[in-house]
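# Analysis of the macromolecular model
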Amino acid sequence: MASPKPRCSSFATTSRTHIQPSGVTVDDSYLTEAKSSQNRKFSQRQKTLSCQFSIGGHLSPWPTYTSGQTILHNRKPCSYDYRKRAGSWQQQPLGTTKPRYLEQLENYLRKELLLLDLSTDSAQELRLQPYREIFEFFIEDFKTYKPLLSSIKNAYEVMLAHQREKIRALEPLKAKLVTVNEDCNERILAMRAEERYEISMLKKEKMNLLKLIDKKNEEKISLQSEVSKLRKNLAEEYLHYLGERDARKILIADLNELRYQREDMSLAQSPGIWGEDPVKLTLALKMTRQDLTRTQMELNTMKANFGDVVPRRDFEMQEKTNKDLQEQLDSLRGDYEEVCKEHEILLQLHMTTLKERDQFYSELQEIQRTSTPRPDWTKCEDVVAGGPDRWQMLAEGKNSDQLVDVLLEEIGEGLLREKDFFPGLGYGEAIPSFLRFDGIVENKKPTKKDVVNLLKDAWKERLVEEQRSESVYIKQKETVVQLLKEMTNADSQNEGLITMENLSTVLKSTFPFKKEERIQELMEAGGWHSNSSNADLLNYHSLFIEDEEGQSMPFVQKLWEQYMDEKDEYLQELKQELGLELHDKVTLPKVREALMNIDPGLDKQTLNSYLSQAFQLPMTELPEEGEEKEEAIMEQLQIALEQLQMIDLRRMGPREQEPAS
């Protein structure tokens, strides 16, 4: 049998198609070098391979012959010649050796697989290539089956290419699936967090409702005990009055009986007095007694029917007494709650005082431990001018730190008195503005009286300025106190809680000229959010507390921010109404007219206070509207606005008053 023809080296190049999966980067130079090495080995080894055939030109059936096994043929015989050959194969011994061509192909496949670098991303593609080459060897060597084997190979290649395209098309979907999965996980986590928050809020609401139920039950038990007590008192009073009534009726009956007996006796003793026939009188007495018996029976019937009925007057009196007792009970309960709150506050103050006492005691111990010995101040008597008497006067009532200041002052005064001039410190940035001077400064050596007068003038000006700035702070504090008072009035249960609807009502009534969006900002600063309902409860006391550093809560801070914004808007409206530049002069009548235009609700006193501040005039010196000297009072617009910025400035009414209906 002729050996198989050697195959050209271009086969490896054409058959080893470089297919790069989506998302995988492969070094092309490495693949090219690997393909060239494979082609060279394939050309060299193909020349040594030979196909082993059995008798008649058919392939050897090895390795279907194995030791101790029976040969099973899956192919159906189609000719007599084939049956003969099959029979001859069955007669072959079981120890047939492996064909040489098969061994060469296996060795070639094994070496090629060992030479592959399976650590790269395209390892599977490279691993498939040696199998392609082995299959090509079969196709080239067996000409008879070449069309069938080629079609099989092409079908598999087409299917592999189709699968690669599908994988490449599914790669973006995989990335999208990962993204969608992450989004879904985030949504699930967010929903779980929201559910946990809702569960916690529901638990809190449940606890509040349980506390409310317990409180109502306690009130119910207390009221039931009061009602039982009142019923008991009512029954006792009823029995008492019932006994009194029965005793009175018995007494009346006895008196009537005695009177009747007395009348009978008098009639029997002196029948001529009445001038009537005794028979008639006896008959009349008999009829009267019958009427008395009938009346007594009717009275007994009424007693039986209405014996347990309470008179309306008694019922109304008891009802009034019950109402008075209930009011006293409510009043006492309110007083008790107030006393409990005050007791808790006092306990907190007591604990705080104890902590401060312990802290101060620790600091005292530390100071006593680390303090230096007290100096002997009597040594200064000989140094200070004036001797011991003046030193005793200077040191009276002063501690060590103050005595050091006194001593330094005395020493400095002695040195300063000796100098008539001082050199200037210059104009450097490190020098305070009031000490900047270049040259010689004369020592005026002021007396104590001059210094006292100078300090009085300085303090007078400072008090005036601080009074203007402090008016803003005081007004803001008054606003906060008024707002807290309104919220307390809205808290009908005195529990420290109000609804969001009550908060909105209080804000709108306290600040009637605020815009709706600013009311909304205050509610958000107080804890309202988009998914809140009007029935949500708010602890309004927490809006006005301060932290350890003295910082207010966001609600009070938002109030201050809105106040400053509203003041700036008010001044901006005033500037636009005047229609002047900042460096222009403005007269008092124009400012008065502009203020009344932008704020018609201003009263005369507030308007005069604004004008007094803007033009730096006492209110007593302000001219009346229409006087001639008004035009002579003028000020630069920028200075007037800055002066108004320093005081409490706020709108007193809407921009335009609505017409009266």
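Residues numbered from 1 in each chain as written. Predicted model: local features only at pLDDT ≥ 70, side-chain atom pairs only at ≥ 80, totals over all residues. Heavy atoms only, no water.

The protein chain carries the name Translin-associated factor X-interacting protein 1 isoform X3 in an unreviewed UniProt entry, which gives Panthera pardus as its organism.

## Some words on the overall build of the protein chain
For the record, the criterion: Helix and strand labels come from DSSP, where a helix needs a run of H or I of at least four residues and a strand needs a run of E of at least two; each type is numbered from the N terminus. Two residues form a contact once any of their heavy atoms are found within 4.5 Å. Methods summary: accessible areas were calculated by the Shrake-Rupley approach with a probe of 1.4 Å, and residue burial reflects only the protein chains presented.
Helix and strand counts for the protein chain stand at 17 helices and six strands. Long-range contacts, defined here as pairs at least 24 residues apart, represent 66% of the contacts in the protein chain between residues at least 6 apart. Total accessible area on the protein chain stands at roughly 48700 Å², and carbon and sulfur atoms take up 56% of it.

## Here we look at the environment of Leu 503
Condition: Three labels apply to residues, based on accessible area from a 1.4 Å probe with only protein chains included: buried if under 20% of the type maximum, exposed if over 50%, partly exposed otherwise in between.
One can find Leu 503 in helix H12 (residues 500-510). The class for Leu 503 is buried, based on a relative accessible area of 0%. The sequence separation of Leu 503 and Leu 483 amounts to 20 residues, and the corresponding C-alpha distance is 9.9 Å. Once residues within four sequence positions are removed from consideration, Leu 503 is found in contact with Met 487, Ile 498, Met 523 and Leu 538.

## Some remarks on the pattern of salt bridges
Heads up, the rule is: We count a salt bridge whenever a side-chain nitrogen from Lys or Arg sits within 4 Å of a carboxyl oxygen from Asp or Glu.
Counting across every chain of the model gives 17 salt bridges. Between Glu 157 and Arg 132 there is a salt bridge, with its nearest N and O atoms 2.8 Å apart. Of this pair, Glu 157 sits in helix H6 (residues 146-269) while Arg 132 is found in helix H5 (residues 123-141), placing the two residues 25 residues apart along the sequence. Measuring nitrogen to oxygen at the nearest pair gives 3.7 Å for the salt bridge that ties Lys 146 to Glu 140. When salt bridges that share partners are traced, they join Lys 514, Arg 518, Glu 566 and Glu 569 into one network.

## Considering the environment of Tyr 473
Looking at the secondary structure, you find Tyr 473 in helix H11 (residues 448-490). The exposure class of Tyr 473 is exposed, given its relative accessible area of 52%. As for Tyr 473 and Asp 648, which are separated by 175 residues in sequence, their C-alpha atoms are 8.3 Å apart.

## Side note on a nonpolar patch on the surface
What counts, and what does not: Each patch is built from salt-bridge-free residues with over 30% relative accessible area, joining like charges within 9 Å and nonpolar side chains (Val, Leu, Ile, Met, Phe, Trp, Tyr) within 5 Å.
Nonpolar side chains collect at one region of the surface, where Met 207, Leu 209, Leu 210, Leu 212 and Ile 213 lie side by side and expose about 420 Å² of accessible area between them. Leu 210 sits in the partly exposed class, given a relative accessible area of 36%.

## Re the nonpolar core
We apply this condition: What is meant by a nonpolar core is a set of buried Ala, Val, Leu, Ile, Met, Phe, Trp, Tyr and Cys residues, joined one to another through side-chain atoms within 4.5 Å.
Judged by nonpolar contacts, the single largest core of 25 residues is most densely connected at Leu 574, Leu 595, Tyr 610, Leu 611 and Leu 644. Broken down by secondary-structure element, the contributors of at least two residues to this core are helix H14 (554-578), helix H15 (588-598), helix H16 (604-615) and helix H17 (637-645). Setting aside anything within four residues of it in sequence, one finds Leu 611 in contact with Leu 588, Val 591, Arg 592, Leu 595 and Leu 622. Grouped together as the second largest cluster of nonpolar side chains are 20 residues, Met 500, Ile 519, Trp 528 and Phe 555 included.

## Looking at the UniProt feature "coiled-coil region" (unreviewed entry) in the protein chain
Rules: UniProt positions are given in the numbering used here, feature names are shortened, and annotations may be inferred rather than shown by experiment.
Per the UniProt record, "coiled-coil region" (unreviewed entry) is found at residues 199-233 and 315-342. Along residues 199-233 the backbone is 100% helical and 0% strand, and the end-to-end C-alpha distance reaches 50 Å. Helix makes up 100% of residues 315-342 and strand 0%, and the two end C-alpha atoms of the span are 40 Å apart.

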